[in-house]
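Fold and geometry: a report
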Amino acid sequence: MHFDLPTIWAFLVTVLIAGYILTDGFDLGVGILHTIIAKTDIERRVMLNAIGPVWDGNEVWFITAGGAAFAAFPELYAALFSSLYIALFVVLLALIYRAVSFEFRSKEEDAGWKKIWDQSIFWSSLIVALLIGVAVGNILAGIPIKNMGIEGDPLLGFVYAEKFPISFINLVNPFNFHGLFGLLVGVTTVLFIILHGVSWLIWKTEGEIAERARNVALKLWFPFVVMYVVCTGLAYTISFKISNPANVRYLDLPDDMLQQIASMLNNGVLEHALFRFPVIELVLIVLAALSAVGYLMAVKNMNGAKAFLFSSLTFAFAGFAVFFGAYPLAVPSSYGLEHSITIYNGASSTLTLTVMLVAAIIFTPIVIAYQAWVYKMFLFKISSESIKREIEEARG
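Everything numeric in this text was worked out from a predicted model, so none of it was measured. (Residues numbered from 1 in each chain as written. Predicted model: local features only at pLDDT ≥ 70, side-chain atom pairs only at ≥ 80, totals over all residues. Heavy atoms only, no water.)

Considerations on the overall build of the chain
- Across its full length, the chain carries 15 helices and six strands.
- Relative to the compact-globule value of 21 Å for 396 residues, the chain shows a C-alpha radius of gyration of 22 Å, a close match.
- In the chain, buried positions account for 51% of the 396 residues.
- When contacts within the chain are restricted to residue pairs at least 6 apart in sequence, long-range pairs at least 24 apart make up 80% of them.
- As displayed, the chain has an accessible area near 18400 Å², and 69% of this comes from carbon and sulfur atoms.
- Here the chain contributes 24 positive and 29 negative side-chain charges, whose respective centroids are spaced 9 Å apart. (Helix = DSSP H or I, 4+ residues; strand = E, 2+ residues; numbered from the N terminus. Rg over C-alpha atoms; globule rule 2.2 N^0.38 Å. Buried < 20%, exposed > 50% of the residue type's maximum accessible area, 1.4 Å probe, protein only. Contact = heavy atoms within 4.5 Å. Areas by Shrake-Rupley, 256 points an atom, 1.4 Å probe, with all protein chains shown as cover. Lys, Arg positive; Asp, Glu negative; His and termini not counted. Charge placed at Lys NZ, Arg CZ, Asp CG, Glu CD.)

Digging into the packing of aromatic side chains
- The tally for this structure, following the rule as stated, stands at 27 aromatic pairs.
- Relative to Trp123, the ring of Phe122 lies with its centre 5.0 Å away and its plane at 80°, an arrangement referred to as edge-to-face.
- Centre to centre, the rings of Phe224 and Tyr228 are 6.4 Å apart; their planes meet at 25°, and the pair counts as stacked. Here Phe224 and its partner Tyr228 are both found in helix α10 (residues 208-237), four residues apart, which amounts to about one turn of the helix.
- On the basis of relative accessible area, Tyr228 is assigned to the partly exposed category, the value being 22%.
- An aromatic cluster is built from Phe11, Phe320, Phe323, Phe324 and Tyr327, whose rings are joined through pairwise contacts.
- Lying across the ring of Tyr335, Lys146 places its NZ or CZ 4.9 Å from the centre. (Phe/Tyr/Trp six-rings, centres within 6.5 Å; stacked < 30°, edge-to-face > 60°. Lys NZ or Arg CZ within 6 Å of the ring centre and 35° of its normal.)

Regarding the environment of Asn173
- Relative to the helices and strands, Asn173 resides in the loop between α8 (166-171) and α9 (177-204).
- Sequence-wise, Asn173 and Ile202 are 29 residues apart; in three dimensions their C-alpha atoms are separated by 37 Å.
- In this structure, Asn173 is in contact with Gly179 and Leu180, ignoring residues within four places of it in sequence.

Here it is as structure tokens:
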């Protein structure tokens, strides 16, 4: 691994994506649990109030990650928005509809009106969580992109080879490997986000809501672990062929990386392509597993703060295991490894990456400090009784 600007920015974009999953992830989880745990309108208001002060700020991480990817890795950004266009469009629509649902739910006191928006919150949260996981799974398994430079037309850059609607159907097609793997990662992501949401509810609420959330976590923890093990096992089997070894130069990798990949080829196939740093990845996977056990113990003890910490660590360790496994590949190609986008052939100029890094060093700590302050200000317990008192005070 090199300590250069493309690597630094690959790491920073990964951190931004992780930041989005960890922050917006718990309120997506609360949104999914919204119609499952809450039994009355008051309880639903408690759950919405638990995320009310922070959910919109959490989505800033998503916007920032997209902006950073666009500026640092324009080829990556272009290829993903071509290959995953419909999926990402649906995610954006769901995020917009979810925001509308939060705002419109309280505009009328009619039970039918509120039920419509409650269902909207559930489905939009579920769709976002599922499709993010589906997208990640498909990317890791390899998507059909071509480097047109190899085809003799370098001005076209990287082109997605499938056309709509086949392009979208194959993302969730269980009869091809990357579609099946995408679905499995999507389901695993949904389970994690629900568990992450539970940790926030235990931390932020009290009474029956927290107890019911705890019961949900105890039921879903083992299925999540099983799905994570299955996804990890399948990831170990992922291999990428090289149609023409001479074309590996199009990856624009440093010489030592090219030599490492060449040494791992077996009859033109890079076997176990996502486990090229097995020691580091194994350590991170073990740490993720230990964190998951810590989460379970914290939930059993109704310790929301520790549960939130351990669920965050579970994702962080698992996420960085994926980072090390994929490095330096950003978007592997199912057409052949030589067609893949790496952090080198997809990166912006050195000047662009340098200017961006200076800006990130200055402004990122400010943003994190502000968001930490917001969380601290609103980190107090709420319950059905506190909501009832607020309603009575408002009427009185």
